[in-house]
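Survey of secondary and tertiary structure
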Amino acid sequence: MAKRKVIKKSDGREKQNQQGAMAPSQKPGLFFLAASVLVAAVYVAPLAAEVSSFVSRHRKAIFLKMDEASLRVNNELDSEVMVSWMSEHCYQCLYQPLGAVPARPGPGKPSWRDFIVSTQHGLTLQVNDSHSQQLCTVPFHFEEHGNYSLWVKNLNNTTDCAVITDADPVNSFIPILVSFLVFAGLAIAFTIVKTILRLDAVKGVIFRLGGSMETERLINSELGSPDRTVDSVTDNILPPPPSPSKRLRSLDTFRGLSLVIMVFVNYGGGRYWFFRHESWNGLTVADLVFPWFVFIMGTSIALSFNSMLRAGSTRYSLLWKVVWRSVQLFVIGVIIINPNYCQGPLSWGSLRIPGVLQRLAWSYLVVACLDLLVARGRLDTLSMDAWWSRGYDILLYWPAWLCVLLLEVMWLCFTFLLPVPGCPTGYLGPGGIGDMGLYSNCTGGAAGFIDRLLLGRSHIYQTPSSRVIYATQVPYDPEGVLGSINSIVMAFLGLQAGKIILHYRDLHSSIISRFLTWGLMLGIISAILTKCSRDEGFIPVNKNLWSLSYVTTLACLAFVLLSVVYYTVDVKKWWSGAPFYYPGMNSILVYVGHEVFEEYFPFHWRMTNSQSHAEHLTQNLVATSIWVFISFVLYRKRIFWKI
């Protein structure tokens, strides 16, 4: 017998400002670990596959895709009703029509009609009569592949609406749980094995069996001996220091963590909505990683330039290297961001210009040039007796700070003061059906206008994430021109983290306290700018705009996360940084490679059921794990792609 869960909402009139949008639906040990991960992901995760997506036997069979549910609307009124919907993630949106349900044919004989609804976010259903008068509204969060009924009845001369659960939905999050348990189990097993290998008795057995050299090779494996010191290797963006120096593993671990998540979400993230970019305001997992990558790039700039200046490099030679690397990054980015690079000549008429590597190139160029203006090769000659010595990491570089502040003022002026034809000045919305549909062609306000003016409509991103919820029709590029200013600010805050490390070298408590202090200050700024809300703040957190609050929020999280990674990896040495350390050492190669080979086996294959979260998650985890393994092999062979 079907489970009956009832949600009721009687008639009433509400201002139509609720949210809405519908989805259209180191050595041998590591080798065996990686192989186990791949095997487990292929054979274990599919066990959590969703059940069949057909409705119950009481209804005509309807095939449901991912993130969809079946809704039958039963009308017991003597007049036709119109059912509309909107999503809780759509701010001040228009209701969108779901469909009309005819009047009942007679007493006790309700008319009905089947619909498919989205399950990604909660929806508000609105029922109107034939004269567009609101009869009732029902907020409800449908769940994947569930069967539901909406009953519209007349009780005591009032319209009553109730949602009933006819058949239970599937739990689409089970594949995530299974995958987590698999990877956690493998990590625990590997830790246990490594601990056993460190026991004196086991060392003695291995020594007798394999000899002393083999013993050292096994015990001090690259998989993560916590007290192992790694020789300096060239960073993937920055020039190598000319003389060997101790390299902070935490920085490469932080970069690698960001990169691995980036690869996973770019491959699809199992097609879960929270592993995709937010449609407009707000944050998902996918929105975290790119700013963190920009942040840690700034940190690397500070450490690398300090090392090279101490070694005798001239600022002019470093400037030339910065410019050349920026050009290379930009060109590579243009090539891989356009989908026809391996299918024939690109079309100049539709060539997309902005992109991730292009944004990195621009941010790197500006921040590196600013640091070259103020960077000091020797910091040990500074007196720490002055009352202002605690502010050395800021005060010594005040010209660079002044430039960054001026850039931010420029962003604020363009964003809030630039007149945009047909749009309100200072508009930060998505356009489309947002803001009651009044500014449908104003997506991104000044940011979108500048991109379309400077680059042209055909040279920017044609399918922005705002289409998913807000049904926008205007091209908009999240890596556009105006947002590049705030990516510079993000990289400069990362540069500040590098200055803290340089000025407080080996004073771990001071470094961590400064990181946390910066995190606290940036968090307070974010709270003020956003009013601790998603949509109601002065400047909402928005990845598409790279808004100021987005930068301060992500920089706050970056400082906190970096302090944790620095403490566990470089201070206490509880963790070697594996496996994220390896892709962090070869980040440009991994990023470019995952983009170029995205559609090739073994990173992609034909699925048995393309509407299964479990199969998508399996494929995406396997592809990401392969890149982690490739980066480990390259690390062992000392192969690093530098540009």
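What this report covers is the structure whose coordinates are included nearby. What you are looking at is a predicted structure, and each value in this text was computed from that prediction instead of being measured. (Residues numbered from 1 in each chain as written. Predicted model: local features only at pLDDT ≥ 70, side-chain atom pairs only at ≥ 80, totals over all residues. Heavy atoms only, no water.)

Where helix 6 (residues 289-310) meets helix 15 (residues 548-571), the closest approach of the two axes is 10 Å, and the angle between their N-to-C directions is 65 degrees. Classed by the angle they form, the pair helix 6 and helix 15 counts as roughly perpendicular. Crossing geometry of helix 6 relative to helix 15 is assigned as right-handed. The residues of helix 15 that touch helix 6, namely those facing Pro291, Trp292, Phe295 and Ile296, are Tyr550, Leu554, Leu557, Ala558, Phe559, Leu561 and Leu562. Looking at the contact of helix 6 with helix 15 residue by residue, the class counts come to 11 nonpolar, no polar and no charged. (Axes fitted to C-alpha atoms, helices over the stretch in contact; angles between N-to-C directions. Helix = DSSP H or I, 4+ residues; strand = E, 2+ residues; numbered from the N terminus. Parallel < 35°, antiparallel > 145°, perpendicular 65-115°, else oblique. Left-handed = near helix turned anticlockwise from the far one by under 90°. Contact = heavy atoms within 4.5 Å. Nonpolar A, V, L, I, M, F, W, Y, C, P; charged D, E, K, R; others polar.)

Enumeration over the complete set of coordinates arrives at 3 disulfides. Two residues, Cys136 and Cys161, share a disulfide whose sulfurs are 1.7 Å apart. In this structure, the disulfide formed by Cys136 and Cys161 twists by about -75 degrees around the S-S bond and is classed as left-handed. With Cys136 in strand 7 (residues 134-140) and Cys161 in strand 9 (residues 158-167), this residue pair connects regions lying 25 residues apart in the sequence. Here the two residues Cys136 and Cys161 agree in accessibility, since each one is buried. (Disulfide = S-S within 2.5 Å. Buried < 20%, exposed > 50% of the residue type's maximum accessible area, 1.4 Å probe, protein only.)

Next up on the list: the pattern of salt bridges. All told, the structure shown has 8 salt bridges when counted by the stated rule. Here Asp114 makes a salt bridge to Arg72, at a shortest N to O gap of 2.8 Å. Within this pair, whereas Asp114 is found in strand 5 (residues 111-118), its partner Arg72 is found in strand 2 (residues 68-75), the two being separated by 42 residues in sequence. A single burial state applies to Asp114 and to Arg72, both of which are buried. For Asp78, the salt bridge goes to Arg104, with nearest N and O atoms at 2.7 Å. In this pair, Asp78 sits in the loop between strand 2 and strand 3 (81-87) while Arg104 sits in the loop between strand 4 (96-101) and strand 5, placing the two residues 26 residues apart along the sequence. A relative accessible area of 26% means that Arg104 is categorised as partly exposed. Salt bridges sharing common partners tie together Arg352, Asp477, Glu479 and Lys543. (Salt bridge = Lys/Arg side-chain N within 4 Å of Asp/Glu carboxyl O.)

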